[in-house]
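A structural walkthrough
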Amino acid sequence: MKQLIYILLILSAVFSQELPKGFTPDEWLNRHTIQDMSRETDPPPGPIRNIAEYERMQGVLIRYPLGISTAIIREMAEDVIVYCLVSNSQQNSAYNALNNADVNMDNVEFVIGSTDSYWTRDYGPWYVVDGDRNVSVVDFTYNRPRPNDNQAPYKMSQHLNSPYFSTDLVHAGGNYMTDGYGGAASTTLVYEENSISDNAVDNIMEEYYGITNYHVVEDPNNEYIDHIDCWGKFLSPSKLLIRQVSQSHPQYDEIEEVVDYFESQLNAFGEPWEIFRVYTQNDQPYTNSTILNNKVLVPITGSGWDDDALEVYEEALPGYEVLGFTGSWYSTDALHCRTKGIPDLEMLQIFHNPINDQDMPQNNFEVLAVIDDLSEAGLIEDELYLGWKNSNMNDYEIVQLEESTGENEYVAYIPTQLSDTEVHYYIHAVDNTGREEYLPMAGYFSFTAIGGTPTQQGDINMDDLINVLDIVLMVNYILNLTDLSDYQIQLADMNQDGIVNILDVITLVNSILEG
């Protein structure tokens, strides 16, 4: 099967006069020249943090002639700058193609220079926050003998006036993902393509990218490309998406072995990964998506599984806008391969370990966050806050974040909740450049408070049943209320016989007291 797919890709490239994603026969014979394209600099100053795909992006990198539809470009240009690599001779054609498709041309910048192909993910720039607090390009050697493509990261550093560093490591962006906290993942292709030891590869990743926990796994797809974005994706520092197939699929065992591996690993917070599965029985490229701030652009194929795939993303990233796009997709080559996010060079960073389902604390739930403005313009204190609500609340309660003990660390508290209450929350910050940031960028974090109300659980049997009318009459007597009509609907909803759990009564009493 993998040979057939590769043949189809080559034939498609021939008819479109484009290079294939894999090697052409001539390139395969000349793959030894890849190392000739390398250029090595000193590593960036430390400490180094590799920026993840799901962080704040100011733009996205594509190439003309296009590898994606103008509908996708139009969608992206609504929110961010589309940086389009194009040769000088084709710039007018590129402008006309985008302008005629109603793309917002105020958000299009052309980066002049020839390219060999449209896989900007594979050869585009990787970005780090270095020890000088610069968002810098740290380049690698593209794993195809395509010198024009290999120049793209340097061209982008020049276009945006970003510091530029480079290692002679041979790699490809489609075979790399990072969590933004010193972790990353690739297939063993990265070891196979470099004529140095595996430890030497790991050391380069740490020295140039700040990667201290590098997950390098066997590719489970048994395809020609061996890229990780063909089967998996970091969705956040704690969430991971991996494809799923039925037991009849020839790669079922290999895919499940990868799942088992990540289930045995801990994320950057020292906790198990939350793993989501997307069904790809016919090798649909659903994991080959692009996260662009609060949007997720997902390749769909017209399959009956498309809607289910989009729902998986919506479940994993509640509040994000999940959009499906058709295209000339393959199982090994889709939307993620042909786009590359460009980070906000002065991003407002928020770091936080989300609260998991947990037993009720004695007093409240502590929310710690590190907030760091790379612009160094300063934070607006009144705009540093936590928003939270539970399932019984219509609106978010706003709690001010206060300085804590660590550097750039802030804290706020969510009050104790009733047993088994689901809580949603987010973190908000603004700096003096006008940058406004949320974590998560869309939607909310969520957790369930487990256990009873701490101050009452020891005194009350949670299985006790009481008559709700008795408690209402008692509250009426204490507060001298004469009109309880506002609470009749609540009474009816509880139980027609007036028999309820004590927790329902607590909720009602709180409602009456607040009223």
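Residues numbered from 1 in each chain as written. Predicted model: local features only at pLDDT ≥ 70, side-chain atom pairs only at ≥ 80, totals over all residues. Heavy atoms only, no water.

Here we take up the overall build of the protein chain. Along the protein chain, the regular secondary structure elements total 15 helices and 29 strands. Across the 515 residues of the protein chain, 55% fall into the buried class. Within the protein chain, residue pairs in contact and separated by at least 24 positions form 74% of the contacts whose partners lie at least 6 positions apart. (Helix = DSSP H or I, 4+ residues; strand = E, 2+ residues; numbered from the N terminus. Buried < 20%, exposed > 50% of the residue type's maximum accessible area, 1.4 Å probe, protein only. Contact = heavy atoms within 4.5 Å.)

Regular strands place side chains that alternate from one sheet face to the opposite one. When you tally the buried positions in strand β9 (residues 183-187), you get five out of five residues, the bulk of the element. Both strand β8 (residues 177-178) and β9 contribute to a ladder of two bridges, which runs antiparallel. Looking at the pairing, T178 lines up with A184 of β9. Linking β8 to β9, which pair antiparallel, is a turn of four residues; within it G180 sits at a positive phi near 80°. Sheet topology note: the β9/strand β10 (residues 213-217) ladder contains five bridges and is parallel. (Pairing = 2+ DSSP bridges.)

Our next topic: the packing of aromatic side chains. For the structure on display, the rule yields 20 aromatic pairs. Both rings, one in W126 and one in Y209, keep their centres 5.3 Å apart while their planes meet at 65°; by these two values the pair is edge-to-face. Taken as a pair, W126 in the loop between α5 (120-123) and β5 (127-129) and Y209 in helix α9 (residues 198-209) lie far apart in primary sequence, 83 residues in all. On the basis of relative accessibility, which here comes to 1%, the residue Y209 falls in the buried class. Look at Y261 and F262: their rings are 5.1 Å apart centre to centre, the planes differ by 80°, and that puts the pair in the edge-to-face class. (Phe/Tyr/Trp six-rings, centres within 6.5 Å; stacked < 30°, edge-to-face > 60°.)

Here we come to the sheet that holds strand β23 (residues 402-403). In space, the four strands of this open sheet follow the order β18-β20-β24-β23, with antiparallel pairing throughout. Edge positions in the sheet fall to β18 (348-351) and β23, since each of these pairs with one other strand and no more.

Turning our eyes to something else, we now look at unusual backbone geometry. Here the amide bond leading from Y64 into P65 is cis, since omega sits at 0°, within 30 degrees of zero. By secondary structure assignment, the location of P65 is in the loop between β2 (57-63) and α3 (70-76). One non-glycine residue, N222, lies in positive phi territory at about 60°. On the accessibility criterion, N222 (43% relative accessible area) is partly exposed. Phi at N293 is positive, roughly 60°, even though this residue is not glycine. Inspection of the secondary structure assignment puts N293 in the loop between β14 (290-292) and β15 (295-299).

In this section: the side chain of E53. Within the secondary structure, E53 sits in the loop between β1 (49-50) and β2. Its relative accessible area of 17% is what places E53 among the buried residues. Polar contacts involving the side chain of E53 include one to the side chain of H336, which spans 3.1 Å. Leave out the neighbours within four places in its chain, and E53 touches R121, K233, S289, T290, I291 and H336. (Polar contact = N/O pair within 3.5 Å; in protein donor to acceptor, adjacent residues only side chain to side chain.)

Turning our eyes to something else, we now look at the pairing of β15. Where burial is concerned, most of β15 is hidden: five out of the five residues are buried. Judged by which residues are buried, β15 turns out to be covered on both faces: K295, L297 and P299 on one side and V296 and V298 on the other are all buried. Counted along the chain from β14 to the antiparallel partner β15, the turn is two residues long, and its residue N293 has a positive phi close to 60°. The sheet contact formed by β15 and strand β16 (residues 321-325) spans five bridges and is parallel. Bridging from a neighbouring strand, P299 pairs with F325 of β16.

Before going further, it helps to examine the pattern of salt bridges. In this structure the tally under the stated criterion is 16 salt bridges. Measuring nitrogen to oxygen at the nearest pair gives 2.6 Å for the salt bridge that ties R56 to E437. With R56 in the loop between β1 and β2 and E437 in strand β26 (residues 436-439), the pair connects residues that are 381 residues apart, well separated along the chain. We classify R56 as partly exposed; its relative accessible area is 22%. Of the charged contacts in the structure, one is a salt bridge between E346 and R435, with a shortest N-O distance of 3.6 Å. Here R435 lies in the loop between β25 (421-430) and β26 and E346 lies in the loop between β17 (340-343) and β18, a separation of 89 residues in the sequence. Of the residues examined, E346 reaches a relative accessible area of 36% and is grouped as partly exposed. (Salt bridge = Lys/Arg side-chain N within 4 Å of Asp/Glu carboxyl O.)

Attention now moves to the confidence of the model for the protein chain. Summary statistics for the protein chain give a mean pLDDT of 89 and a share of 84% for residues scoring 70 or more. When the criterion is pLDDT under 50, residues 1-16 qualifies, and its contacts beyond four places in sequence or with other chains add up to 22 contacts. Long-range and interchain partners of residues 453-466, a stretch whose pLDDT sits below 50, account for 25 contacts in this model, where long-range means more than four residues apart. (pLDDT = per-residue confidence, 0-100.)

Bringing the sheet that holds strand β11 (residues 232-234) into the picture now. The strand order across the open sheet formed by three strands is β11-β12-β13, and the pairing between neighbours is mixed. In this open sheet, the two edge strands, each paired with only one partner strand, are β11 and β13 (274-279). Within the sheet, the average angular offset between the axes of one strand and its neighbour, ignoring direction, is 20°. Bridge count for β11 against strand β12 (residues 239-244) is three bridges, and the pairing is antiparallel. (Axes fitted to C-alpha atoms, helices over the stretch in contact; angles between N-to-C directions.)

All right, on to a negative patch on the surface then. Taken together, the side chains of E381, D382, E383, E402, E403 and E436 present a region of like negative charge at the surface. Assignment of secondary structure puts E402 in strand β23. Taking the relative accessible area as the measure of exposure, E402 reaches 46% and is therefore partly exposed. (Patch = residues over 30% accessible without salt bridge, like charges linked within 9 Å, V, L, I, M, F, W, Y side chains within 5 Å. Areas by Shrake-Rupley, 256 points an atom, 1.4 Å probe, with all protein chains shown as cover. Lys, Arg positive; Asp, Glu negative; His and termini not counted. Charge placed at Lys NZ, Arg CZ, Asp CG, Glu CD.)

Here we take up the environment of N161. The residue N161 is located in the loop between α7 (152-160) and β7 (164-171) in this model. Judged by its relative accessible area of 70%, N161 falls in the exposed class. Here the alpha-carbon distance between N161 and S136, two residues 25 residues apart in the chain, equals 9.3 Å.

For E409, the position within the fold is in strand β24 (residues 409-415). Buried within the structure, E409 lacks any salt-bridge partner; its nearest side chain of opposite charge belongs to R133, at an N-O separation of 15 Å. At 3.0 Å, the side chain of E409 forms a polar contact with the backbone nitrogen of G406. Look past the residues within four positions of E409 in its chain and what remains in contact with it is L368, A369, V370, E402, E403 and S404.

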